[in-house]
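# Examining the three-dimensional arrangement
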Amino acid sequence: MELIFEKSRPGRAAATIPANDVPETALETLIGPDLLRGELNLPELAEVDIVRHYTRLARRNFGVDVGFYPLGSCTMKYNPKVNESAACLDGFTALHPYAPEAFAQGNLQLLYELAGYLAEICGMAEFSLQPAAGAHGELTGVMIIKKHFERKGQRRSTILIPDTAHGTNPASVALCGFQVATVRSNAEGGVDIGHLRELMTKDVAGLMLTNPNTLGLFERNIEEVAQIVHRKGGLLYCDGANANALVGITRPGDLGFDIIQLNLHKTFSTPHGCGGPGSGPVGVKRHLVPFLPVPRVVKKGRRYRWSEDFPHSIGRVRAFYGNFNVMVKAYAYIRSLGAAGIRRVSENAVLNANYIKERLRGHYRLAYDRVCMHECVFTGEKQLQESGVHTADIAKRLLDYGFHPPTIYFPLIVREAIMIEPTETESKETLDDFCEAMISIAREAKENPELVRSAPLTTPVRRLDDVLAARKPDVCWTVC
Amino acid sequence: MDYVPHTPEDQKEMLRAIGAESLEALFADIPATYRLNRLLDLPAPLAEQEIWEHMSRLAARNRLPVATLTGAGAYRHYIPAVVSHIVGRSEFYTAYTPYQAEISQGILQAIYEYQTMITRLTGTQVANASMYDGATAMAEAAVLSAKSLGRSRLLVARSVHPEYRKVLGTYAWANGYACEEVPFGATGQLERDALRELLDDRTAAVLVQSPNFFGVIEDIGPLADLAHRRGALLVAGFSDPTALGVLKPPGESGADFVVGEGQGFGNPLNYGGPYLGILASTEAFMRKIPGRLVGATVDREGRRGYVLTLQTREQHIRREKATSNICSNEALCMLAAAVYLASLGKNLKRLAALNVWKANYLKEALSALPGWRPLFTGPVYNEFAMSCPDAKEANRRLEKAGFTGGYDLSKDYPELGGGILFCATEMLRREDMDRAVSLMQ
């Protein structure tokens with residue numbers, strides 16, 4: 001498909017500029033010629049051509065509204081439309097972040113109440129809504145850990161992370177100047193308690209634990225894990241990326257976690273937008289509240305205002321207040337569901353994952369044969385051994401069946417991993433169709449492995465050459 | 001209401017297939033003492049009509065301004081209707097990161113086109129698919145500078161947005177870097193002599209903004225030269241990205257990184273977010289920059305296609321050795337920016353010029369008021385700082401009349417002895433500005 005630059009024709013334009021109603025002075029006079037640019041090389045197209053260009057691009061893209069999207073650990077649930085409509089209300093979109101607080105009482109109320117709902121859902125004392133994404137929330141949480149020890153006058157150099165963790169965990173820790181030590185998983189997919197005990201010294205600031213973990217398994221020994229970490233003065237951090245398994249069922253705060261980040265774009269149904277915007281609120285127990293980022297919304301009587309008056313805060317992690325418009329959608333979602341609806345989220349997310357697990361277990365090998373939470377992890381090793389078909393081939397073949405593939409090759413400790421997270425918003429019929437497709441592919445792998453290896457056959461492009469892209473990077477278009 | 005399609009019969013059938021007695025049984029791994037035996041304390045659920053009414057009431061508790069005279073890092077521009085129509089296509093907004101390239105060619109090509117537009121606007125060779133916002137784009141450029149040079153000192157212009165400096169301070173603290181400020185002079189531009197003295201062999205980066213927080217345009221070339229002479233890198237920020245429509249591309253003046261807030265390209269004010277951080281650099285940093293990058297390649301049949309590339313920079317491959325921890329970015333805001341730029345095309349230059357003229361008109365008009373004068377003499381884009389008899393009183397009057405007034409500089413810049421920062425974009429008509437001026441008289 002042609003690039004927008006290839007469709008450009010000199011002299012065309014879509015947007016027109018309003019008439020000038022103030023005096024015009026040459027920019028060379030007002031600014032100076034040395035500071036001005038020469039040519040401006042942007043594409044020139046009529047509006048209809050722009051619309052057709054991007055509409056064609058849209059049709060070459062797969063979203064939750066197009067079909068089932070069981071991408072493990074990404075919680076690709078349906079994004080309710082009323083939330084989108086609400087977020088487009090002028091009252092929410094039009095205000096400048098520095099608008100007088102008197103103009104923004106509705107926004108401030110929303111932020112204040114949303115933070116309160118999240119605190120109740122997670123069993124935490126308070127939440128900051130400032131971080132822009134899950135990984136940004138992790139970074140903020142690790143900064144809070146750093147501040148906690150700094151205030152105590154202790155230097156601790158290391159943070160523990162299980163080998164099943166998302167890559168963002170060690171990267172967030174490194175971006176905050178800590179070392180990473182990896183905790184092994186045990187035979188049943190949980191934290192190896194002996195190894196944790198061995199690693200958990202007075203030089204360790206804490207443990208970052210995803211619960212349920214990326215194998216979709218709840219950490220059964222959570223009580224002991226919390227004790228081991230706390231006894232050495234460490235803090236227990238919960239990566240809440242998988243919170244869709246737990247809301248309304250149990251609360252990370254009650255389980256002993258001191259800090260949690262949530263991904264509003266996962267558990268709280270805000271759309272992923274091709275990779276963002278997300279929102280990564282951070283919640284903490286009472287003893288860590290002073291360290292939350294500033295500013296924070298405070299309430300006095302019926303009025304809300306911003307306050308920076310928290311001298312022990314880690315400071316700011318983002319300009320302004322975070323991804324406000326994303327929070328509007330998450331707020332609308334929580335208010336729609338209420339407590340009973342929130343509980344139904346996790347119950348049915350877990351039901352759906354276990355249903356898929358049971359339907360596919362005769363066809364693909366399970367990584368860990370336990371009741372799973374919101375996602376189940378298979379390994380494609382059987383297919384690889386029997387017919388030389390890789391997990392990547394199975395994933396690509398799913399495209400021909402009209403499904404987005406699961407997450408593959410993650411978690412890293414499972415070879416040829418296939419990680420399936422159906423979410424609660426999918427019907428039994430959709431799950432059955434998906435399972436039938438997976439079973440059919442398992443059969444194809446046996447009978448006609450070349451077909452699976454050559455997939456996809458029906459997509460706008462066939463498999464792309466990643467190696468070429470990395471070896472000869474072409475990251476912007478230049479006319480030869 | 002909720003969004004679970006199952007009927008009780010569906011649930012029963014599925015439980016039977018699983019071999020579980022009840023939904024509760026699926027949670028047996030959670031120790032019973034930690035399982036909630038109550039419903040969460042949340043407001044009662046609402047039907048769609050009720051949620052719509054509730055959200056509308058909440059939105060109506062806000063007051064829409066008659067006009068907005070504030071910029072200070074977030075800019076009110078007209079957004080062509082085509083932008084929301086494209087961004088509202090749910091093939092885009094309900095998709096995840098395009099890891100499965102064959103069914104994500106739409107967004108991948110859109111990112112590739114955006115990367116190209118940004119390199120052309122900034123005079124650079126590589127631009128990523130977005131950072132969280134302008135402040136974090138700057139902070140991550142600083143961290144990357146320090147890491148790649150093995151240096152631990154950062155020099156940031158005091159004329160950089162105060163909140164950007166705070167975010168930079170937070171990131172610097174977390175990494176153990178020293179962060180010092182470079183003063184500005186009477187023009188509102190960075191003081192070169194001060195910079196020359198502050199620069200040393202431990203300095204990793206010099207961070208400036210042009211237009212800076214006061215709206216004043218910096219001359220990037222000589223600053224880049226000074227930094228480079230001591231082996232440091234020059235990070236050039238900007239305030240409003242539309243300024244790039246008329247200003248010399250910072251990359252052409254020697255900036256190693258060009259970073260800033262991209263909201264002004266087609267994204268609503270949204271009370272501060274979501275916005276998009278623009279981050280662009282030279283070829284030298286292509287394999288080091290944070291965030292997602294799209295590259296062109298070919299498929300098995302030789303057709304052109306696009307993939308996420310150079311992923312060995314990223315957290316999901318490199319874990320603690322990654323350049324950054326960024327995963328989710330602001331892709332949809334980036335798409336809005338791309339559509340906006342395609343829509344404006346070369347008219348961006350005319351739009352930017354209009355911003356300059358509007359700001360100069362308002363500046364002149366305010367300068368005629370008794371006791372009012374510009375704080376700085378340097379050339380400005382669409383913002384300018386004024387000294388005035390009583391900034392708080394001016395804002396009070398504007399607020400009373402329904403205006404979002406100027407940014408009061410007294411808290412962040414006590415050394416100025418009071419001051420107020422105004423912004424005029426194409427959204428301000430002459431009569432809005434005349435009315436604002438008369439209110440402040």
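## Here we look at the overall build of chain A
Scanning chain A from terminus to terminus reveals 15 helices and 13 strands. Principal axes of the C-alpha set define a box for chain A whose edges measure 75 × 60 × 45 Å. When each of the 480 residues of chain A is scored for burial, the buried share is 59%. A sequence separation of at least 24 residues applies to 71% of the contacts in chain A between residues at least 6 apart.

## Topic: the overall build of chain B
Scanning chain B from terminus to terminus reveals 14 helices and 15 strands. Along the three orthogonal principal directions, the C-alpha set of chain B runs to about 80 × 50 × 50 Å. Per-residue burial over chain B gives 62% buried out of 441 residues. Considering only contacts in chain B between residues 6 or more positions apart, those separated by 24 or more positions represent 73%.

## Observations concerning the domain arrangement of chain B
When cut into domains, chain B gives domain 1 (8–60), domain 2 (67–78 + 346–440) and domain 3 (81–344). Computed over C-alpha atoms only, the centres of domain 1 of chain B and domain 2 of chain B are separated by 51 Å.

## Side note on unusual backbone geometry
Following F410 of chain A, the chain continues to P411 of chain A via a peptide bond in cis, the omega torsion being 0 degrees. With respect to the helices, strands and loops of the structure, P411 of chain A is situated in the loop between strand 12 (407–408) and strand 13 (417–420). Even without being glycine, A72 of chain B reaches a positive phi, approximately 55 degrees. Structurally, the position occupied by A72 of chain B is in the loop between strand 1 (67–68) and helix 3 (81–87). For N270 of chain B, which is not glycine, the phi torsion reads 50 degrees and is therefore positive. Relative to the assigned elements, N270 of chain B resides in the loop between strand 7 (257–261) and strand 8 (277–281). Note on N270 of chain B: 26 C-beta atoms within 10 Å, which makes it buried.

## A look at the nonpolar core
Residues A142, L207, V235 and V339 of chain B are the most contacted members of the largest nonpolar core, which totals 312 residues. Ranked by residues supplied to this core, first place goes to helix 10 (residues 324–360) of chain A with 20 residues. Ignoring sequence-local partners within four residues, the contact set of A142 of chain B consists of L154, L168, Y171, A205, L207 and V235 of chain B.

## Brief notes about helix 6 (residues 134–151) of chain A
Taking 1.5 Å of rise per residue, the 18 residues of helix 6 of chain A would be expected to cover 26 Å, and the 26 Å separating its terminal C-alpha atoms lies within 8% of that figure. G153 of chain A occupies a position one or two residues after helix 6 of chain A and carries a positive phi of about 75 degrees.

## Focus on the pairing of strand 12 (residues 383–387) of chain B
All names here are of chain B. Within strand 12, four of the five residues are buried, leaving the element largely enclosed by the surrounding structure. In the sheet, strand 11 (residues 373–374) pairs with strand 12 via two bridges, with the strands oriented antiparallel. The partner of R373 across the bridge, within strand 12, is S387. Sheet analysis places strand 12 next to strand 15 (residues 420–423), joined by four bridges and oriented antiparallel. In the sheet register, E383 faces strand 15, and the bridge partner there is C423.

## What to know about the domain arrangement of chain A
Taken domain by domain, chain A consists of domain 1 (1–60), domain 2 (82–337) and domain 3 (341–466). Its C-alpha centre places domain 1 of chain A at a distance of 45 Å from the equivalent point of domain 3 of chain A.

## Notes on the environment of A135 of chain B
Along the chain, A135 of chain B turns up in helix 6 (residues 134–149). Taking the C-beta count within 10 Å as the criterion, A135 of chain B has 32 such neighbours and is therefore assigned buried.

## A few points about the sheet that holds strand 3 (residues 153–157) of chain B
Residues and elements named next belong to chain B. Read from one edge of the open sheet, seven strands run 2-8-7-6-5-3-4, paired in mixed fashion. For this open sheet the edge positions go to strand 2 (126–127) and strand 4 (178–182), each flanked by a neighbour on one side alone. Of the pairings in the sheet, the one linking strand 3 to strand 5 (residues 203–209) comprises four bridges and is parallel in character. The residue of strand 5 that forms the bridge with V156 is L207. Across the sheet, helix 6 lies against strand 3, strand 5, strand 6 (233–238), strand 7 and strand 8, angled at about 155 degrees from strand 7, the strand it touches most.

## Observations regarding the pairing of strand 15 of chain B
All names here are of chain B. Every second residue of strand 15 is oriented toward a common face, with I420 and F422 on one face and L421 and C423 on the other, all of them buried. Sheet analysis places strand 14 (residues 407–408) next to strand 15, joined by two bridges and oriented antiparallel. Residue pairing for strand 15: D408 is matched across the bridge by I420.

## Structural notes on the environment of A14 of chain A
Looking at the element boundaries, A14 of chain A is found in the segment before helix 1 (27–30). Judged by C-beta crowding, with 22 C-beta atoms within 10 Å, A14 of chain A ranks as buried. As a C-alpha pair, A14 of chain A and Q179 of chain A span 165 residues in sequence and 52 Å in three-dimensional space. The contacts of A14 of chain A, once residues within four sequence positions are left out, are L45, A46, E47 and I50 of chain A together with P80, V82, S343 and G345 of chain B.

## Re the interface of chain B and chain A
Across the boundary between the two partners, chain B contributes 166 residues, which contact 170 residues of chain A. No other element matches helix 12 (residues 347–367) of chain B, which puts 12 residues into the side of chain B that touches chain A. When its residues are assigned to classes, the side of chain B that touches chain A shows 86 nonpolar, 45 polar and 35 charged.

## Section: the sheet that holds strand 11 of chain B
Residues and elements named next belong to chain B. Taken together, four strands build an open sheet; the order of strands is 11-12-15-14 and the sheet is antiparallel. Looking at which strands have only one partner, the edges of the open sheet turn out to be strand 11 and strand 14. Across the sheet, helix 12 lies against strand 11, strand 12 and strand 15, angled at about 10 degrees from strand 12, the strand it touches most.

## Looking at the packing of helix 6 of chain B against helix 7 (residues 162–175) of chain B
Residues and elements named next belong to chain B. At a closest axis distance of 9 Å, the pairing of helix 6 and helix 7 adopts a crossing angle of 40 degrees. Of the two elements, helix 6 crosses helix 7, and the hand of that crossing is right-handed. Here G134, A135, T136, M138, A139, A142 and V143 of helix 6 lie close against helix 7, whose contacting residues are E163, Y164, V167, L168, Y171 and N175. Here the residues of the contact of helix 6 with helix 7 sort into nine nonpolar, three polar and one charged.

## Considerations on the environment of V51 of chain A
All names here are of chain A. Within the element layout of this structure, V51 appears in helix 2 (residues 47–59). Overall, the presence of 17 C-beta atoms within 10 Å leaves V51 in the partly exposed class. Here the alpha-carbon distance between V51 and R318, two residues 267 residues apart in the chain, equals 33 Å.

## Quick word on helix 5 (residues 105–122) of chain B
Residue and element names in this part refer to chain B. Here helix 5 contains 18 residues, and its C-alpha end-to-end distance of 25 Å stays within 8% of the 26 Å for a straight helix at 1.5 Å per residue. Most of helix 5 is tucked away: 18 of the 18 residues are buried. Just beyond helix 5, the residue with positive phi is G123, at close to 70 degrees.

## Here we look at the confidence of the model for chain B
Of all residues in chain B, 100% have pLDDT values of 70 or greater, and the mean over the chain is 97. Our summary of model confidence lists the complex with pTM equal to 0.98 and ipTM equal to 0.98.

Scoring rules and cut-offs
- Residues numbered from 1 in each chain as written.
- Chains lettered and ligands numbered in written order.
- Predicted model: local features only at pLDDT ≥ 70, side-chain atom pairs only at ≥ 80, totals over all residues.
- Helix = DSSP H or I, 4+ residues; strand = E, 2+ residues; numbered from the N terminus.
- Buried ≥ 20, exposed ≤ 12 C-beta atoms within 10 Å, placed from the backbone.
- Contact = placed C-beta atoms within 7 Å.
- Domains from an automatic or database assignment.
- Core = buried A, V, L, I, M, F, W, Y, C linked by C-beta atoms within 7 Å.
- Expected span 1.5 Å × (residues − 1).
- Pairing = 2+ DSSP bridges.
- Axes fitted to C-alpha atoms, helices over the stretch in contact; angles between N-to-C directions.
- Nonpolar A, V, L, I, M, F, W, Y, C, P; charged D, E, K, R; others polar.
- Left-handed = near helix turned anticlockwise from the far one by under 90°.
- pLDDT = per-residue confidence, 0-100.

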